[in-house]
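Letter by letter, the chains look like this.
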Amino acid sequence: MRVLLVEDDMMIGEALQGGLRDASYAVDWLTNGKAALEALAVEYYDLVLLDLGLPGLDGLSVLSALRAKNHQVPVLIITARDGTNDRIRGLDCGADDYISKPFELSELLARMRAVLRRNNGGANTLLSNGLLTLDTVTHEVSMSDQAGFQLSNREYALLEALMLRPGAILSRSDLETRIYGWGEEVESNAVEFLIHALRKKLGSHVIKNLRGVGWMVSKAN
Ligand code: CA
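Residues numbered from 1 in each chain as written. Predicted model: local features only at pLDDT ≥ 70, side-chain atom pairs only at ≥ 80, totals over all residues. Heavy atoms only, no water.

Notes on unusual backbone geometry
Here comes step 1: Omega for the bond connecting K101 with P102 falls within 30 degrees of zero, at -5°, which places this linkage in the cis form.
Here comes step 2: Among the structural elements, P102 can be located in the loop between β5 (97-100) and α5 (105-119).
Here comes step 3: Of note, N70 is a non-glycine position whose phi angle comes to about 65°, a positive value.
Here comes step 4: Positionally, N70 belongs in the loop between α3 (59-68) and β4 (75-79).
Here comes step 5: Overall, N70 belongs to the exposed group, its relative accessible area being 55%.
Here comes step 6: Despite not being glycine, H139 shows a phi value in the positive range, around 65°.
Here comes step 7: In this fold, H139 is placed in the loop between β7 (132-135) and β8 (140-143).
Here comes step 8: The class for H139 is buried, based on a relative accessible area of 14%. (Helix = DSSP H or I, 4+ residues; strand = E, 2+ residues; numbered from the N terminus. Buried < 20%, exposed > 50% of the residue type's maximum accessible area, 1.4 Å probe, protein only.)

Okay, structure coming up:
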């Protein structure tokens with residue numbers, strides 16, 4: 001999944017970007033509100049992590065502008081420790097949840113998963129299409145007759161994108177968008193390489209290719 005991180009504190013931003021990448025997210029990181037609005041106008045994101053104290057256009061203004069345009073992307077705001085009023089205003093401006101500084105990465109990741117589950121219309125932490133089950137917390141994949149096992153970060157990111165929409169065809173650029181953030185070099189055959197690795201682990205029938213169009217996992221019967 002692709003996340004836009006908007007945070008002007010360089011230390012926090014770097015730590016979050018690294019932690020989110022380790023958790024299989026594609027991350028774009030910006031340090032001001034104006035750039036964030038510009039990116040949100042043209043790029044696809046599954047979630048925005050929005051610091052409220054930003055130079056120039058602050059986080060609440062970014063959020064208000066987004067919702068005024070009826071932009072539906074889930075937003076998790078990052079507030080100061082004593083920012084009760086900010087938290088209330090943020091939620092009333094259309095934020096989906098908040099976290100207060102300082103926080104543990106593990107709590108942020110859990111809140112992000114909860115927001116993403118609600119946004120994807122499910123309460124279940126397991127994604128299943130009847131053939132495969134993907135655990136969105138542990139990142140384990142299992143098949144009916146096998147014990148679960150881990151995937152690499154990018155294998156997970158790719159399979160998750162497909163498993164969120166069983167039966168839907170995702171193109172190469174749809175998949176690249178969900179796997180790679182800005183500045184990460186994408187080899188021209190990266191998606192094929194990951195698909196090949198996944199098929200080798202899971203069996204070639206689990207991911208279907210529609211030549212020249214894209215890839216899909218089948219819908220549960
Ligand atoms: Ca800040």
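Quick look at the pattern of salt bridges
Here comes step 1: Per the stated rule, a full pass over the model turns up 12 salt bridges.
Here comes step 2: Where salt bridges share partners, they join R2, D28 and E43 into one cluster. (Salt bridge = Lys/Arg side-chain N within 4 Å of Asp/Glu carboxyl O.)

Some thoughts on the coordination of the calcium ion
Here comes step 1: Ligation of the calcium ion by protein atoms is provided by D8 (OD), D51 (OD) and G53 (O), these donors lying 2.2 to 2.3 Å from the ion.
Here comes step 2: In primary sequence terms, the donor set of the calcium ion follows D-x42-D-x1-G. (Donors = N, O, S within 2.8 Å, 3.2 Å for Na, K, Ca; no water.)

Regarding the sheet that holds strand β2 (residues 26-30)
Here comes step 1: In spatial order, the strands read β2-β1-β3-β4-β5; together these 5 strands make up an open sheet with parallel pairing. Every other strand in the sheet has two partners, leaving β2 and β5 as the edge strands with one partner each. Between one strand axis and the next, the sheet turns by 20° as a mean value, whatever way the strands run.
Here comes step 2: Taken together, the 5 bridges between strand β1 (residues 2-6) and β2 define a ladder with parallel strand orientation. Bridged to L4 within β2 is D28.
Here comes step 3: Where α5 meets the sheet, its contacts fall on β1, β3 (47-51), β4 and β5, and the angle it forms with β5 comes to roughly 175°. (Pairing = 2+ DSSP bridges. Axes fitted to C-alpha atoms, helices over the stretch in contact; angles between N-to-C directions. Contact = heavy atoms within 4.5 Å.)

Some remarks on the pairing of β8
Here comes step 1: Only one face of β8 is buried, namely the one carrying V141 and M143, since none of E140 and S142 on the opposite face is buried.
Here comes step 2: Summarising the sheet, β7 and β8 pair through 3 bridges and their orientation is antiparallel. Bridging across to β8, L134 finds its partner in V141.
Here comes step 3: Turn length for the β7-β8 hairpin, with the two strands adjacent in sequence and antiparallel, is 4 residues, and the turn residue H139 shows positive phi of about 65°.
Here comes step 4: Once β8 ends, the chain turns through 5 residues before running back antiparallel as strand β9 (residues 149-150).

Things to note about the sheet that holds β8
Here comes step 1: Read across the sheet, 4 strands follow the order β6-β7-β8-β9 without closing on themselves; strand pairing throughout is antiparallel. Of all strands in the sheet, those bounded by a partner on one side alone are β6 (126-128) and β9.
Here comes step 2: The strands touched by helix α6 (residues 153-163) within the sheet are β6, β7 and β8, with β7 carrying the most contacts at an inclination of about 115°.

Some details on the domain arrangement of the protein chain
Here comes step 1: Taken as a whole, the protein chain is organised into domain 1 (2-119) and domain 2 (126-216).
Here comes step 2: Centre-to-centre separation of domain 1 and domain 2, based on C-alpha positions: 26 Å.
Here comes step 3: On the domain 2 side, the residues contacting the 15 residues of domain 1 number 14 residues.
Here comes step 4: Interface area for domain 1 against domain 2, summed over the two sides, is near 1200 Å², with a carbon-plus-sulfur share of 48%.
Here comes step 5: In this assembly, domain 1 and domain 2 are joined by 1 salt bridge. (Domains from an automatic or database assignment. Buried area = accessible area lost by both parts, 1.4 Å probe.)

Details of the packing of helix α2 (residues 33-42) against α3
Here comes step 1: Contact geometry for α2 and α3: axes closest at 9 Å, N-to-C directions at 25°. Looking at the two axes, α2 sits roughly parallel to α3. α3 is crossed by α2, and the crossing has right-handed handedness. From α2, G33, L37 and L40 reach across to α3, where they touch V62, A65 and L66.
Here comes step 2: Here the contact of α2 with α3 is built from residues that sort into 5 nonpolar, 1 polar and no charged. (Parallel < 35°, antiparallel > 145°, perpendicular 65-115°, else oblique. Left-handed = near helix turned anticlockwise from the far one by under 90°. Nonpolar A, V, L, I, M, F, W, Y, C, P; charged D, E, K, R; others polar.)

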